[in-house]
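# Structural description and commentary
Chain by chain, the residues run as shown.
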Amino acid sequence: MTERDDHPALKGWQSREGELLVGNVPITSLARRVGRTPFFAYDRARLKTRIAELRAELPERLTLHYAIKANPMAALVCFLAERVDGFDVASAGELTKALDAGMAPSKIGFAGPGKTDQELTQALAAGVLVEVESGGELARLSGLAADIGATPRIALRINPDFQLKGSGMRMGGGAQQFGIDAEDAPQIIADGRARGLEIQGFHIFAGSQNLNAETIAEVQTKTLDLALRLADLLASPMRYLNLGGGFGIPYFPKDRPLDLARVGESLATVVDTLAEAQPQARPVLELGRYIVGEAGLYVTRVIDRKVSRGEVFLVTDGGLHHHLAASGNFGQVIRRNFPLVIANRMGAAPQERASVVGCLCTPLDLLADKASLPRAEVGDLVAIFQSGAYGLTASPTAFLGHPDPAEVLV
Ligand SMILES: *Cc1c(COP(=O)(O)O)cnc(C)c1O
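Structural notes, computed from the coordinates. Keep in mind that this is a model prediction, so the values were computed, not measured.

Calculation criteria
Residues numbered from 1 in each chain as written. Predicted model: local features only at pLDDT ≥ 70, side-chain atom pairs only at ≥ 80, totals over all residues. Heavy atoms only, no water. Helix = DSSP H or I, 4+ residues; strand = E, 2+ residues; numbered from the N terminus. Rg over C-alpha atoms; globule rule 2.2 N^0.38 Å. Contact = heavy atoms within 4.5 Å. Areas by Shrake-Rupley, 256 points an atom, 1.4 Å probe, with all protein chains shown as cover. Expected span 1.5 Å × (residues − 1). Buried < 20%, exposed > 50% of the residue type's maximum accessible area, 1.4 Å probe, protein only. Pairing = 2+ DSSP bridges. Core = buried A, V, L, I, M, F, W, Y, C linked by side-chain atoms within 4.5 Å. Domains from an automatic or database assignment. Salt bridge = Lys/Arg side-chain N within 4 Å of Asp/Glu carboxyl O. Near = heavy atom within 4 Å. Polar contact = N/O pair within 3.5 Å; in protein donor to acceptor, adjacent residues only side chain to side chain. Nonpolar A, V, L, I, M, F, W, Y, C, P; charged D, E, K, R; others polar. Arc of directions from axis to C-beta.

## As for the overall build of the protein
Across its full length, the protein carries ten helices and 22 strands. Computed over its C-alpha atoms, the radius of gyration of the protein comes to 23 Å, within 12% of the 22 Å expected for a compact globule of 410 residues. Here the analysis covers contacts within the protein between residues at least 6 apart in sequence; of these, 72% occur between residues at least 24 apart. Looking at the protein as shown, the accessible area adds up to about 16,400 Å², and 50% of this sits on carbon and sulfur atoms.

This is the structure we're talking about:
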């Protein structure tokens, strides 16, 4: 059915009579129900399972936040609002989604390196925690708060003096647009005190898409050390510590799923140490991809089957305009195929190598390069796994003027 039936991404997906099931609905019925292809489908049961796994393995005192950036679909955000302890947002648009979903402002953190005055004012008016990323932003926030008579809720986002090795995307360590360099933090904390601002704590996010539990554990321990050092400089006891996240999911056959139990063990120590040193500090883990990535599929229909100089091309109605990551153009260094199947021919043996391409007039629009697949015909449905995070939201939908895909929560 795919290149490898034992691909870690296929674990937990079921099929019946050759049809991939999403929320127990056969894919052909689901496509009819949606009314058109392409579409993204997100599986509620898988979201629930993933959150249950996190709750089971992580220390109870740890607060679990969802980073809306990974997938901002409104119905999914509402679904998660009931199941996680808070949201992280990185724009005023995401802030609106978080509030619309009913998340309490006290449980929302707003990070991002380029918050405009307008966005900061919206955050102040809403009463969410602003994760300040520079001295300049602190000064602007302070001024805007005075203008509207608001008391800002502030944490400092720190660019650590260490890195999360082996991350798909590094977002901390070295020179960065994100956060305040750890060595500059004492000065900014002093500046905050001089302005009469209360800084509640820190946010340290080192990177994304990491599958190595040991590395994650090491970074979380270093994050705690750094935060405790800085906490001594605060005017009042630390009340908030966002430890980041960066938990990865397996995209490729050799990827091994993250050892969540191992991460949980190390986090238990981190949380205990924090509770002893700073009993009022609420530890937060912020996850995007790990919560939603494996719950989502991108489904596109084969509209042409052609052979060019001996190579088979399945031309679909989808493409990189909906799913840039699957084309290998969203920060990947080496292009590798996302796991995919012919979703109405599950269980059929692979018969040929076929490249799955999108409908855009660019060679970049390659969804699978010479994948081993059963013979697919016009009308068949291709499903790409691991598409719940950084799929539609991270794609250039306007490129070439095709319609947007549908999105459903099943
Ligand atoms: C992108 C981002 C996240 C989510 O990262 P994932 O890898 O999807 O878990 C969390 N926090 C911050 C600050 C981010 O920028």
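After presenting the structure, the write-up continues.
## Section: helix H9 (residues 260-277)
Along an α-helix, a turn takes 3.6 residues, which lines up residues three or four apart on a common side. The terminal C-alpha atoms of H9 lie 25 Å apart, and with 18 residues this matches the ideal 26 Å at 1.5 Å per residue to within 8%. Along H9, the positions that sit buried rather than exposed are Leu 260, Val 263, Gly 264, Ser 266, Leu 267, Val 270, Val 271 and Leu 274. Lining the buried residues of H9 we find helix H2 (44-57), helix H8 (213-231), strand E14 (240-245), strand E15 (282-287) and helix H10 (289-292).

## Regarding the sheet that holds strand E1 (residues 15-16)
By definition, the strands of a sheet pair up through backbone hydrogen bonds, in either a parallel or an antiparallel sense. Spatially, the three strands line up as an open sheet ordered E1-E2-E3, and their pairing is antiparallel. At either margin of the open sheet sits one strand with a lone partner, and together these are E1 and strand E3 (25-26). The sheet contact formed by E1 and strand E2 (residues 19-22) spans two bridges and is antiparallel. Following the sheet pairing, Ser 15 is matched in E2 by Leu 20.

## Some words on the nonpolar core
Counting residues in hydrophobic clusters, the biggest one holds 105 residues, and the most contacted among them are Tyr 66, Phe 87, Leu 156, Phe 202, Met 238, Phe 247 and Ile 291. Here this core takes nine residues from H8, the largest share from any one element. Each of domain 1 (2-43 + 294-409) and domain 2 (111-287) gives at least three residues to this core. Contact partners of Met 238, with chain neighbours within four places excluded, come to Gln 200, Gly 201, Phe 202, Ala 227, Leu 228, Ala 231, Leu 274, Gln 278, Gln 280 and Ala 281. Of all hydrophobic cores here, the second largest spans 23 residues; its members include Trp 13, Ile 27, Phe 39 and Ala 343.

## Description of the environment of Ala 70
Within the element layout of this structure, Ala 70 appears in the loop between strand E5 (63-67) and helix H3 (74-81). When the C-alpha positions of Ala 70 and Ser 308 are compared, they lie 37 Å apart, and in sequence the two are 238 residues distant. Those residues in contact with Ala 70 that lie beyond four places of it in its chain are Gly 288, Arg 289, Val 292, Gly 388, Ala 389, Tyr 390 and Thr 393.

## Focus: the pairing of E2
Here E2 shows two buried faces, one formed by Glu 19 and Leu 21 and the other by Leu 20 and Val 22. Between E1 and E2, which pair antiparallel one after the other, the connecting turn spans two residues, and Glu 17 there sits at a positive phi close to 45°. Bridging between E2 and E3 involves two bridges; their strand directions are antiparallel. Considered in E3, the bridge of Leu 21 is made with Pro 26.

## Some remarks on the pattern of salt bridges
Applying the stated criterion across every chain yields a total of 15 salt bridges. The partner of Arg 157 in a salt bridge is Glu 133, with the nearest N and O atoms 2.9 Å apart. Of the two residues, Arg 157 sits in strand E9 (residues 153-159) while Glu 133 sits in the loop between strand E8 (129-132) and helix H6 (135-148), which places them 24 residues apart along the sequence. As far as the burial class goes, Arg 157 and Glu 133 line up, both buried. For the salt bridge of Glu 377 with Arg 375, the shortest nitrogen-to-oxygen distance reads 2.6 Å. Through salt bridges with shared partners, one network takes in Arg 50, Glu 53 and Glu 294.

## Describing the site of the ligand
Taken together, 13 residues lie around the ligand, and Lys 69, Ser 208, Glu 286, Arg 289 and Tyr 390 are the ones closest in. Tyr 390 is positioned with one of its side-chain polar atoms (N or O) 2.6 Å from an oxygen atom of the ligand. Burial of the ligand by the protein amounts to 94% of the accessible area it has alone, namely 390 Å². Looking at the shell around the ligand, its residues break down into five nonpolar, four polar and four charged.

## Topic: the environment of Ala 326
Of note, Ala 326 is situated in the loop between strand E17 (311-316) and strand E18 (340-342). According to the relative accessible area criterion, Ala 326 is buried, its value standing at 0%. Discounting residues that sit within four places of it in the chain, Ala 326 has contacts with Arg 335, Phe 338, Leu 366, Leu 367 and Ile 384.

## A few points about the pairing of strand E21 (residues 381-384)
Both faces of E21 are covered, namely the face carrying Leu 381 and Ala 383 and the face carrying Val 382 and Ile 384. Of the strand pairs in this sheet, strand E16 (residues 296-308) and E21 are connected by four bridges, and their pairing is antiparallel. Considered in E21, the bridge of Thr 300 is made with Val 382. The pairing of E18 with E21 spans three bridges and is classified as antiparallel. Following the sheet pairing, Leu 340 is matched in E21 by Ile 384.

## Describing helix H5 (residues 117-126)
The complete set of buried residues in H5 reads Glu 119, Leu 120, Ala 123 and Leu 124. With its buried residues spanning 140° around the axis, H5 presents them on a single face. Seen from the buried face of H5, the exposed residues on the opposite side, beyond 90 degrees, are Gln 118 and Ala 125. At its buried positions, H5 is contacted by helix H4 (92-100), strand E7 (108-110), E8 and H6. One or two residues past the end of H5 sits Gly 127, with phi positive at roughly 85°.

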